[in-house]
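Each chain, written out:
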Amino acid sequence: FQTKESKFVFALSVISFYMNFVAVLMDTCMNIQNIERAMEDVRLAFPIASGICIHLFMRLRREAVERLLLLTEPFTWEGMPTRDPNTGYLTMAAWIPRINTYAQKIAVLLFVLHCIYVIFRFLSSEDRLLQFNSWYPFETSTTPQYELVNATQFVGSIMCFFSFIAFISLYATLVCIACSQLEKLRANLVDIKQRQNTSEQDSGAESDQKEEELHTSQDVFRHMQEQLNDCIRHHQNTLEFMRALEATLNPILLAHFLLLEGGMCFTAFSAVTTSGLVLQLGQILVVYVAFVIQLYTYGWFGTELTRQAESVCDAAWGSDWVGTPGSFQKCLSF
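Predicted, not measured: the structure shown is a model, and the values here were computed from it. (Residues numbered from 1 in each chain as written. Predicted model: local features only at pLDDT ≥ 70, side-chain atom pairs only at ≥ 80, totals over all residues. Heavy atoms only, no water.)

Novice: How would you summarise the state of the cysteines if you had to cite specific residues and measurements?
Specialist: Two cysteines, two sulfur atoms, one covalent bond between them: this is a disulfide. Taken as a whole, this structure holds zero disulfides when the rule is applied. Among the cysteines around cysteine 176, which has no disulfide bond, cysteine 179 carries the closest sulfur, lying 6.2 Å off. Cysteine cysteine 265 remains unbridged, with the sulfur of cysteine 53 as its closest cysteine sulfur at 17 Å. (Disulfide = S-S within 2.5 Å.)

The structure is reproduced here in structure tokens:
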């Protein structure tokens, strides 16, 4: 995440993203009667459009994303359990460092697959084909236009892949941070007990009667109320972060979700209309799987956030509240 995009990167984005996107749309219009070629163009237009949406979002909503990142500074998740004691699955806190590792591996995999596709596309044809079908108002089969256009298309493809991975990784990390705080909150709620911590009693095992009288029921309830107050503050900070997360990412998630759904439909239809070339079918499979993985990531992490938020009430119910003063029970219920 860069706080300010350089002019060079912006110019490269305009040439590689926006101009190539227009070129693909123009080629679709020019070959609208050829259903196979038109569908080949459309299945490429949807990923490029998704990359453009992410790029525009990060430029127009940069300050909102920065504020969202600042809200994560009070949160900590180091030292939390990496496995759920009940299910044995990874906790959301354990997912945070893993997301970056998986993102790097997926980025390398997509880069290698794209390079293989480009090499086979050039080797399988005697004509000077571009990396993907596009229309330009100048001749692209001659030097140096051919090399320059191919270079911009290659850079645009890589920027598109990395935009997907970077944004989805950012989304998953922010959701995991929120979930980790909810996990931490649940643990703190269950930890509220109507007895003193044994670690506090070990040093006073041989103390006199006066020290034992300090641990009256009122002291215990006051200590429980302090623990609950800390949980309430933590819960409010987490909810504030969750509201900011939804308000910031809502527009781009809607746009990206619709583009992914439309891309899956047209990619599946493109598989039906293709002439059966292995290279084209391979590209279709990679594009479709990429769409599915992105949708699954959004859905799984979003569902996990909802589940974690709703389970806070179960943790409150499971705390040691029976027999506590009414004021404590009202705070816990609220």
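Still more ground to cover, so stick around.
Novice: Could you give an account of the UniProt feature "transmembrane region" (unreviewed entry) in the protein, naming the residues involved and the relevant values?
Specialist: Taking the UniProt record as the reference, the feature "transmembrane region" (unreviewed entry) is found at residues 7-24, 44-60, 106-124, 154-179, 252-272 and 278-301. Between the C-alpha atoms that bound residues 154-179 the distance is 37 Å, and the span itself is 100% helix and 0% strand. For the annotated span residues 278-301, helix accounts for 100% and strand for 0% of the residues, and the straight-line distance between the end C-alpha atoms is 34 Å. (UniProt positions renumbered as here; feature names shortened; annotations may be inferred. Helix = DSSP H or I, 4+ residues; strand = E, 2+ residues; numbered from the N terminus.)

Novice: Give a detailed account of the pattern of salt bridges, specifying residues and quantitative values.
Specialist: Applying the stated criterion across every chain, the model contains six salt bridges. A salt bridge links arginine 222 to aspartate 219; the nearest nitrogen and oxygen atoms lie 2.4 Å apart. Of this pair, arginine 222 and aspartate 219 are both found in helix α8 (residues 217-273), three residues apart, which corresponds to roughly one turn of the helix. Aspartate 230 is the salt-bridge partner of arginine 233, the closest N and O atoms lying 3.0 Å from each other. (Salt bridge = Lys/Arg side-chain N within 4 Å of Asp/Glu carboxyl O.)

Novice: Go over the packing of helix α2 (residues 35-60) against helix α5 (residues 145-190) with me, naming the residues and quoting the values.
Specialist: Contact geometry for α2 and α5: axes closest at 9 Å, N-to-C directions at 55°. Here α2 lies oblique to α5, going by the angle between them. Considering only the axes of α2 and α5, their crossing is left-handed. Contacts between α2 and α5 involve Pro47, Ile48, Ser50, Gly51, Ile54 and Phe57 from the former and Cys160, Ser163, Phe164 and Phe167 from the latter. (Axes fitted to C-alpha atoms, helices over the stretch in contact; angles between N-to-C directions. Parallel < 35°, antiparallel > 145°, perpendicular 65-115°, else oblique. Left-handed = near helix turned anticlockwise from the far one by under 90°. Contact = heavy atoms within 4.5 Å.)

Novice: Describe the environment of cysteine 179, and please don't skip the residues or the numbers.
Specialist: In this fold, cysteine 179 is placed in helix α5. Take cysteine 179: its relative accessible area is 0%, and that puts it in the buried class. Taking the C-alpha atoms as reference points, cysteine 179 and phenylalanine 301, separated by 122 residues in sequence, lie 9.2 Å from one another. Those residues in contact with cysteine 179 that sit more than four places away from it in its chain are Met92, Glu304, Leu305 and Gln308. (Buried < 20%, exposed > 50% of the residue type's maximum accessible area, 1.4 Å probe, protein only.)

Novice: Now, about the packing of α8 against helix α9 (residues 278-310): what can you tell me, with residues and values included?
Specialist: Relative to each other, α8 and α9 sit at 150°, their axes nearing to 10 Å. Taken together, the axis directions place α8 and α9 in an arrangement best described as roughly antiparallel. Pair α8 / α9 crosses with left-handed handedness. For the contact of α8 with α9, the class distribution of residues is 18 nonpolar, five polar and one charged. (Nonpolar A, V, L, I, M, F, W, Y, C, P; charged D, E, K, R; others polar.)

Novice: Summarise the side chain of serine 157; cite the residues concerned and give the values.
Specialist: Note that serine 157 resides in helix α5. If we ignore the near neighbours within four places in the chain, the residues touching serine 157 are His114 and Phe132.

Novice: Tell me about the environment of lysine 193, and please be specific about residues and values.
Specialist: Within the secondary structure, lysine 193 sits in the loop between α5 and α6 (198-202). When near neighbours in sequence (up to four residues on either side) are disregarded, lysine 193 contacts Val220, Met224, Gln227 and Asp320.

Novice: Give a detailed account of a nonpolar patch on the surface, specifying residues and quantitative values.
Specialist: Together, Val108, Leu109, Phe111, Val112, Leu113, Ile116, Phe120 and Val286 line one region of the surface with nonpolar side chains, adding up to about 670 Å² of accessible area. Of all the elements, helix α4 (residues 92-123) adds the most residues to the nonpolar patch, at seven residues. (Patch = residues over 30% accessible without salt bridge, like charges linked within 9 Å, V, L, I, M, F, W, Y side chains within 5 Å. Areas by Shrake-Rupley, 256 points an atom, 1.4 Å probe, with all protein chains shown as cover.)

Novice: Before we move on, can you summarise unusual backbone geometry with the specific residues and values?
Specialist: At the junction of threonine 143 and proline 144, the peptide bond is cis and its omega measures out at 5° in the coordinates. Looking at where proline 144 falls in the secondary structure, it is placed in the loop between α4 and α5.

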